[in-house]
Amino acid sequence: MSYLRFERSVMTNLEESLSRELLRTNRSGAYACSTIVDCNTRKYHGLLVVPVPEMDKDNHVLLSSLDVTVVQHGAEFNLGLHKYAGNNYSPNGHKYIREFNCDSVPTTIYRVGGVILKKEVVFQHYEDRVLVRYTLLDAHSVTTLRFKPFMAFRSVRQFTHENSTANRDFQVVDNGIKTQMYNGYPYLYMQFSKENEFIFHPDWYRGIEYIKEQERGYDSHEDLYVPGYFEMDIKKGESIVFSASTSEIKTNGLASLFQKEVDNRAPRDNFFHCLVNAAHQFHNKKNGSEYYLLSGYPWFKSRARDTFVSLPGLTLCIDEQEYFEKVMHTAEKGYREFMAGKPVTIDLCEIDQPDVPLWAIWAMQQYAKTVGEEKCVKKYGKFLTDIMHFILNGKHPYLRLDDNNMLYVDGKGKVMTWMNSTVNGRPVTPRSGYIVEVNSLWYNALLFSARMAAVNNDTEVQEKFEKRADACKQSFLNTFLNDYGYLFDYVDGNMMDWSVRPNMIFAAALDYSPLSQKQRKSVLDFCTRELLTPKGLRTLSPKSGGYNPICAGPQMQRDLAYHQGTAWPWLGGFYMEACLKIYRRTRLSFIERQMVGYEDEMQTNCLATLPEMFDGNPPFKARGAISFAMNVGETLRTLNLLEKYTYII
């Protein structure tokens, strides 16, 4: 039985189908995204959404959708679906859907009377080109297909509306046309594998509505421009391939290109394979030789912290060491520029955040555990040493190494950790001073650096790092450990944050922990009792003041709730690592049950991936970005740890 297959009862029920989204990417920043019934519900949705670096750093929706009409005996059956104001849906093409399957490539089966039409979609890797193949599986008489493109030519952050400045001109190209609505944009090439007739019939479709934007408190209406329609006959058993791209292609090769892309797709036939496919969607190659990981879809760019946290899971845990090295090579270039005080020339956001170098060291540590310590020293030993000296010599603008060998961060007026939501320019969670995960990572970095020095036979450096780590450990315990058995979230002078937050889990999960086994167990037990959900760890305990578990509504309302009780799977990854380190094989079945909570998400929300976060209370509804790299990466790393502990004798 198919893993990602939905019957007619789900597809024709809009309450069920509109909540399920589908994402295809080209590994270079472009994507196609919509619901499984092809009704766009976000301003970020579109059939061809591409970066236009000549204009700005945003993605831009060129082709919003493509409506297909089946014409037989003069009767027209439009398979498209759009939402208009007043809860009106038209033309209700979802009622013709008989089946949807996404195990290989997204495949929709339509039935109109005696006509059975199959639609398949792929995004060509490393090209701004989406391909759609239509196959007439059955028909008892002459059948014509009519294709009507809905164009936007706008940033994903904006809307387009009917206007007189939009360029209606088009030029004929091989089996299609090219057009450009506004100057500065690339041409949109719409071509078919078969000769067709284009009928120029320009019109605006007004008042299209996006329900997800309404939920988020944004404007939600726009008008889309339709230049006309393509028309061609199709015979039983025949396939027609449509290409939408920013460059022209020879159409006699479209059929073979489509099949080649299909053959290169890995199956999504189980939980693990879904996550592997999701991992590949975060790949982002730029300028020919720069490799990144996007932090999420549809609105995130590449962020430094997210890159280092997600990198081991998205690469090493699925036997893709080469991509780890490529991303790390790009990131190292940027971080060396930052350490030298030079302009950063790579597209890695938030590289100046104080915990970024510590997460970079953690990522190298996972590399060493995967490929061996000697290879890690050879490849990243100099980078590791330079980062440590950068911190020890007080060069980082937002990190201060105090005499107690702990790192101090001034975060009173500016967000300095992953809990980075702001309202009116001020941090919602102003974490400042000695921050628990920063110093957990710092202690881990000191001892990992000492270990790498030992591998490199540098006894003097090893002893220096070990001595600092001993002093840091005592200061850590004196600062963060309270009488109740959990850790303060941050301490700044006489200010101690007593909130029960998940950031203390890192002290229990990291390979080098300043806590004793008993103290680690106490921290883990607190997280289990007050923070654990089926979707990860809450960002705040329900028993703590300010608990707000639902991140919904207008922007300010969401910002206030962002880290005040919502649940994040990537935190759950470190929680489960701590479980395995403390309880070992006795917790395997418990963690496997936790994984079920994530596997449930493969068939809901955005198919075959994990969203950014969930409500902290039942029914744990998904919120935020539809696909989030740190969550996918940490879930893959957890599965990898599960496998290792399962076979430990």
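Undergrad: How should the overall build of the chain be read in this particular structure?
TA: Of the regular secondary structure elements, the chain holds 17 helices and 35 strands. For 649 residues, the compact-globule estimate of 2.2 N^0.38 gives 26 Å, and the chain sits close to it at 26 Å. Seen along its three principal axes, the alpha-carbon backbone of the chain occupies a region of about 85 × 55 × 45 Å. The contacts in the chain between residues at least 6 apart in sequence include a share of 65% that link residues at least 24 apart. In the chain, 75 side chains carry a positive charge and 76 a negative one; their mean positions are 2 Å apart.

Undergrad: Can you walk me through the sheet that holds strand E27 (residues 434-435) in this structure?
TA: Either a parallel or an antiparallel arrangement is found when strands of a sheet pair, and the pairing is made through backbone hydrogen bonds. The strand order E27-E28-E29 describes an open sheet built from three strands, whose pairing is antiparallel. Each end of this open sheet is capped by a strand with a single partner; those strands are E27 and strand E29 (495-496). Direction of pairing for E27 relative to strand E28 (residues 490-492): antiparallel, over a ladder of two bridges. Bridging from a neighbouring strand, tyrosine 434 pairs with valine 491 of E28.

Undergrad: Just checking my understanding: could you explain the sheet that holds strand E11 (residues 115-123) for this structure?
TA: The strand order across the open sheet formed by nine strands is E1-E9-E10-E11-E12-E19-E16-E15-E14, and the pairing between neighbours is antiparallel. Unpaired on one side and paired on the other, strand E1 (5-7) and strand E14 (170-173) mark the two borders of the sheet. Neighbour to neighbour, the strand axes of the sheet diverge by 15 degrees on average, direction disregarded. Helix-sheet contacts for helix H4 (residues 254-263) involve E11, strand E12 (129-138), strand E16 (188-192) and strand E19 (239-245), and the interaxial angle to E12 is about 100 degrees.

Undergrad: Can you walk me through the pattern of salt bridges in this structure?
TA: Where charged atoms of side chains with opposite charge meet at close range, the side chains can pair. Following the criterion strictly, the structure yields 40 salt bridges and no others. Here glutamate 120 ties to arginine 133 by a salt bridge, and the two come within 2.8 Å at their closest N and O atoms. Of the two residues, glutamate 120 sits in strand E11 while arginine 133 sits in strand E12, which places them 13 residues apart along the sequence. Taking the relative accessible area as the measure of exposure, arginine 133 reaches 13% and is therefore buried. Where glutamate 222 meets arginine 154, a salt bridge forms, and the shortest distance between an N and an O atom there is 2.8 Å.

Undergrad: Can you walk me through the pairing of E11 in this structure?
TA: Each regular strand displays side chains that alternate between the two surfaces of the sheet. Counting buried residues along E11, eight of its nine residues qualify, which places the element largely inside the surrounding structure. Relative to E11, strand E10 (residues 107-112) runs antiparallel, the two being bridged by six bridges. The residue of E11 that forms the bridge with threonine 107 is glutamate 120. Following E10, the chain reverses through two residues before pairing antiparallel with E11; glycine 113 in that reversal takes a positive phi of roughly 60 degrees. Hairpin geometry of E11 and E12 is characterised by an intervening segment of five residues between the two adjacent antiparallel strands and by a positive phi of about 65 degrees at tyrosine 126.

Undergrad: When you look at the nonpolar core in this model, what are you seeing that I'm missing?
TA: Core analysis: the biggest nonpolar cluster contains 211 residues, and Phe242, Met364, Ile505, Trp570 and Tyr575 have the highest contact counts within it. The element that contributes the greatest number of residues to this core is helix H10 (residues 436-455), accounting for eleven residues. Residues within four places of tryptophan 570 in sequence aside, it is in contact with Val309, Trp359, Trp418, Phe506, Met630, Asn631 and Glu634.

Undergrad: Even after reading the chapter, I still don't get the packing of aromatic side chains, so can you show me in this structure?
TA: The geometry of an aromatic ring pair is captured by two quantities: the separation of the ring centres and the angle between the planes. If you walk through the whole model with that rule in mind, you get 43 aromatic pairs. Ring centres of phenylalanine 192 and phenylalanine 242 lie 5.0 Å apart, and the angle between their planes is 50 degrees; this geometry places the pair in the tilted category. Here phenylalanine 242 lies in strand E19 and phenylalanine 192 lies in strand E16, a separation of 50 residues in the sequence. Look at phenylalanine 192 and you get buried, because its relative accessible area is 0%. Look at phenylalanine 242 and you get buried, because its relative accessible area is 0%. With a centroid separation of 4.6 Å and 85 degrees between ring planes, the pair formed by phenylalanine 488 and tryptophan 498 is classed as edge-to-face. Note that phenylalanine 488 is positioned in the loop between helix H11 (459-480) and E28 and tryptophan 498 in the loop between E29 and helix H12 (505-509), a separation of ten residues in sequence. Members of the aromatic cluster, connected to one another through ring pairs, are Tyr44, Trp299, Phe300, Trp359, Trp362, Trp418, Phe506, Tyr562, Trp568, Trp570, Phe574 and Phe628. If you follow arginine 587 out to its NZ or CZ, it ends over the ring of phenylalanine 590, 5.5 Å from the centre.

Undergrad: Whenever I open this one, the pairing of strand E18 (residues 221-234) confuses me. Can you help?
TA: Here E18 lies mainly inside the structure; ten of its 14 residues are buried. When strand E13 (residues 143-155) meets E18, the two strands line up antiparallel, connected through six bridges. Within E18, the residue paired with threonine 143 across the bridge is isoleucine 234. Note that strand E17 (residues 197-209) and E18 share nine bridges and pair antiparallel. If you follow aspartate 203 over to E18, its bridge partner there is valine 226.

Undergrad: Before we go on, may I ask you to explain the side chain of threonine 143 in this structure?
TA: Along the chain, threonine 143 falls in strand E13. Engagement of the side chain of threonine 143 in a polar contact is seen with the side chain of glutamine 72, the distance being 3.0 Å. Excluding anything up to four places from it in sequence, threonine 143 contacts Val70, Val71, Gln72, Val115, Leu136, Met232, Asp233 and Ile234.

Undergrad: I keep staring at the environment of phenylalanine 147 and nothing clicks. Help me out?
TA: Here phenylalanine 147 is to be found in strand E13. For phenylalanine 147 and phenylalanine 242, which are 95 residues apart along the polypeptide, the C-alpha to C-alpha distance reads 9.5 Å. Each residue touching phenylalanine 147, except ones within four places of it in the same chain, is listed here: Leu66, Asp67, Val68, Tyr134, Phe192, Gly228, Tyr229, Phe230 and Met232.

Undergrad: I keep staring at unusual backbone geometry and nothing clicks. Help me out?
TA: Outside of glycine, negative phi angles account for most residues, and trans bonds account for most peptide bonds. Here the residue pair serine 90 and proline 91 is connected by a cis peptide bond, since its omega of 5 degrees sits within 30 degrees of zero. By the element assignment, proline 91 lies in the loop between strand E8 (88-90) and strand E9 (97-101). Here the residue pair proline 618 and proline 619 is connected by a cis peptide bond, since its omega of 5 degrees sits within 30 degrees of zero. Here proline 619 is to be found in the loop between strand E33 (613-614) and strand E34 (622-623). If you check the backbone angles, asparagine 457 has positive phi at about 60 degrees while not being a glycine. Within the element layout of this structure, asparagine 457 appears in the loop between H10 and H11.

Undergrad: Even after reading the chapter, I still don't get the state of the cysteines, so can you show me in this structure?
TA: Working definition: the covalent bond between the sulfur atoms of two cysteines is a disulfide. In total, this model carries zero disulfides according to the counting rule given. Cysteine cysteine 102 is unpaired, with the sulfur of cysteine 274 as its nearest cysteine sulfur at 8.0 Å. Judged by its relative accessible area of 1%, cysteine 102 is buried. The cysteine cysteine 579 is free of any disulfide, with cysteine 527 supplying the nearest cysteine sulfur at 9.3 Å.

Undergrad: Sorry if this is basic, but what is going on with helix H5 (residues 271-281) here?
TA: Because an α-helix packs 3.6 residues into every turn, residues spaced three or four apart end up facing the same way. Of all eleven residues that make up H5, nine are buried, and the element is covered over most of its length. At its buried positions, H5 is contacted by strand E2 (21-25), strand E20 (283-286), strand E22 (296-297), helix H6 (304-314), helix H16 (588-599) and helix H17 (629-646).

Undergrad: Just checking my understanding: could you explain the side chain of glutamate 222 for this structure?
TA: Tracing the chain through its elements places glutamate 222 in strand E18. Classification of glutamate 222 as buried rests on a relative accessible area of 0%. A polar atom in the side chain of glutamate 222 sits 2.9 Å from the backbone nitrogen of threonine 160. In contact with glutamate 222, not counting residues within four places along its chain, are Arg154, Phe159, Thr160, His161, Tyr205, Arg206, Gly207, Ile208 and Tyr210.

How each quantity is defined
Residues numbered from 1 in each chain as written. Predicted model: local features only at pLDDT ≥ 70, side-chain atom pairs only at ≥ 80, totals over all residues. Heavy atoms only, no water. Helix = DSSP H or I, 4+ residues; strand = E, 2+ residues; numbered from the N terminus. Rg over C-alpha atoms; globule rule 2.2 N^0.38 Å. Contact = heavy atoms within 4.5 Å. Lys, Arg positive; Asp, Glu negative; His and termini not counted. Charge placed at Lys NZ, Arg CZ, Asp CG, Glu CD. Pairing = 2+ DSSP bridges. Axes fitted to C-alpha atoms, helices over the stretch in contact; angles between N-to-C directions. Salt bridge = Lys/Arg side-chain N within 4 Å of Asp/Glu carboxyl O. Buried < 20%, exposed > 50% of the residue type's maximum accessible area, 1.4 Å probe, protein only. Core = buried A, V, L, I, M, F, W, Y, C linked by side-chain atoms within 4.5 Å. Phe/Tyr/Trp six-rings, centres within 6.5 Å; stacked < 30°, edge-to-face > 60°. Lys NZ or Arg CZ within 6 Å of the ring centre and 35° of its normal. Polar contact = N/O pair within 3.5 Å; in protein donor to acceptor, adjacent residues only side chain to side chain. Disulfide = S-S within 2.5 Å.

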